[in-house]
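In case you want the letters, here they are:
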Amino acid sequence: MSSPPKDDIAPRSPSKVVEPTKVNTAPQQASTSPGDGAHIPADQIRDPSEVDRNDPNINVVEIPAEKKKSPSFKDQVFGYAKVIRGKGLGKPAVKEHGERVLRGEETVPTKRRGSTSD
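Quick caveat, the model's predicted, so the values are computed rather than measured.

Calculation rules
- Residues numbered from 1 in each chain as written.
- Predicted model: local features only at pLDDT ≥ 70, side-chain atom pairs only at ≥ 80, totals over all residues.
- Heavy atoms only, no water.
- 1 Å grid on protein atoms, 1.4 Å probe; cavity = no way out; pocket = protein on both sides within 12 Å on 5 of 7 lines; lining within 4 Å.
- Points joined across faces, edges and corners; volume = space filled by probe spheres on them.
- Nonpolar A, V, L, I, M, F, W, Y, C, P; charged D, E, K, R; others polar.
- Salt bridge = Lys/Arg side-chain N within 4 Å of Asp/Glu carboxyl O.
- Buried < 20%, exposed > 50% of the residue type's maximum accessible area, 1.4 Å probe, protein only.
- Helix = DSSP H or I, 4+ residues; strand = E, 2+ residues; numbered from the N terminus.
- Lys, Arg positive; Asp, Glu negative; His and termini not counted.
- Contact = heavy atoms within 4.5 Å.
- Axes fitted to C-alpha atoms, helices over the stretch in contact; angles between N-to-C directions.
- Parallel < 35°, antiparallel > 145°, perpendicular 65-115°, else oblique.
- Left-handed = near helix turned anticlockwise from the far one by under 90°.
- Expected span 1.5 Å × (residues − 1).
- Arc of directions from axis to C-beta.
- Polar contact = N/O pair within 3.5 Å; in protein donor to acceptor, adjacent residues only side chain to side chain.

Asker: How should the layout of surface pockets be read in this particular structure?
Answerer: Rolled over the atoms, a probe sized like a water molecule indicates the empty space that remains. The volume enclosed by the largest pocket comes to roughly 410 Å³. Looking at the lining of the largest pocket, its residues break down into eight nonpolar, two polar and three charged.

Put into structure tokens, the structure is as follows:
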């Protein structure tokens with residue numbers, strides 16, 4: 001078999017020339033381009049009680065109340081360890097302490113390090 005001529009190795013031009021496309025739709029979600037509607041001027045924000053909910057030209061968005069902050073990962077590990085230890089050793093006070101930490105009612109006691117005579 002003979003190898004193809006070196007002229008056939010060069011890239012070929014496209015068979016058809018097409019005009020570039022234009023997009024006339026709104027920007028996608030999470031767009032940060034200016035004027036995409038992501039920013040609402042402060043004078044347009046109203047209390048829900050001031051708005052007629054039957055008006056089709058008004059979009060009412062209610063923000064839910066803030067949730068109670070869950071314990072940190074460190075507090076969760078400590079709390080679960082206390083619950084398991086309390087169950088395993090039959091000590092309800094230790095178990096209750098772990099459950100209070102998991103509910104966020106108490107925090108993990110910090111250990112004192114170093115000399116106690118400051």
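There is more to say, and it comes next.
Asker: Would you explain the pattern of salt bridges in this entry?
Answerer: Close approach of charged atoms allows side chains of opposite charge to pair. Counted according to the given criterion, the structure contains two salt bridges. Across the pair R100 and E106 runs a salt bridge, and its minimum N-O distance is 2.4 Å. Residue classification places R100 among the partly exposed positions, given a relative accessible area of 26%.

Asker: Just checking my understanding: could you explain the side chain of D75 for this structure?
Answerer: Within the secondary structure, D75 sits in helix α1 (residues 73-89). The side chain of D75 is buried and forms no salt bridge, while K74, the nearest opposite charge, is found at 6.3 Å. When sequence neighbours within four positions are dropped, the list of residues in contact with D75 reads V101, T107 and V108.

Asker: Can you walk me through the packing of α1 against helix α2 (residues 92-103) in this structure?
Answerer: Helices that pack against each other are described as a pair by the angle of their axes relative to one another and the distance between those axes. Two elements in contact, α1 and α2, have axes whose closest approach is 7 Å; the angle formed by their N-to-C orientations is 155°. Judged by the inter-axis angle, α1 sits roughly antiparallel to α2. You can see that α1 and α2 cross each other, and the crossing is left-handed. Judged by residue contacts, D75, Q76, F78, G79, Y80, K82, V83, G86 and K87 of α1 engage V94, K95, H97, G98, E99, V101 and L102 from α2. Of the residues assigned to the contact of α1 with α2, the class counts are six nonpolar, five polar and five charged.

Asker: How should α2 be read in this particular structure?
Answerer: Because each turn of an α-helix spans 3.6 residues, side chains separated by three or four positions end up pointing in the same direction. The end-to-end C-alpha distance of α2, which contains twelve residues, comes to 16 Å, matching closely the 16 Å that a straight helix rising 1.5 Å per residue would cover. Where the residues of α2 are buried, they touch α1.

Asker: Teacher, can you tell me more about α1 here?
Answerer: If you check α1, its first and last C-alpha atoms are 24 Å apart, about what 17 residues at 1.5 Å a residue would give, namely 24 Å. By the burial criterion, the buried members of α1 are D75, G79, V83 and G86. Each buried residue of α1 sits inside an arc of 70° when the element is viewed along its axis, so together they form one side. Those residues of α1 that are exposed and aimed more than 90 degrees away from the buried face are F73, K74, I84, R85 and G88. On the buried face of α1, the contacting elements are α2. Within two residues after α1, G90 carries a phi angle of roughly 70°, on the positive side.

Asker: Got a minute to help me understand the side chain of H97 in this structure?
Answerer: Along the chain, the position of H97 falls in helix α2. Note on H97: relative accessible area 18%, which makes it buried. Within the structure, the side chain of H97 is placed 3.0 Å from the side chain of E106, a separation counted as a polar contact. In contact with H97, not counting residues within four places along its chain, are F78, K82 and E106.

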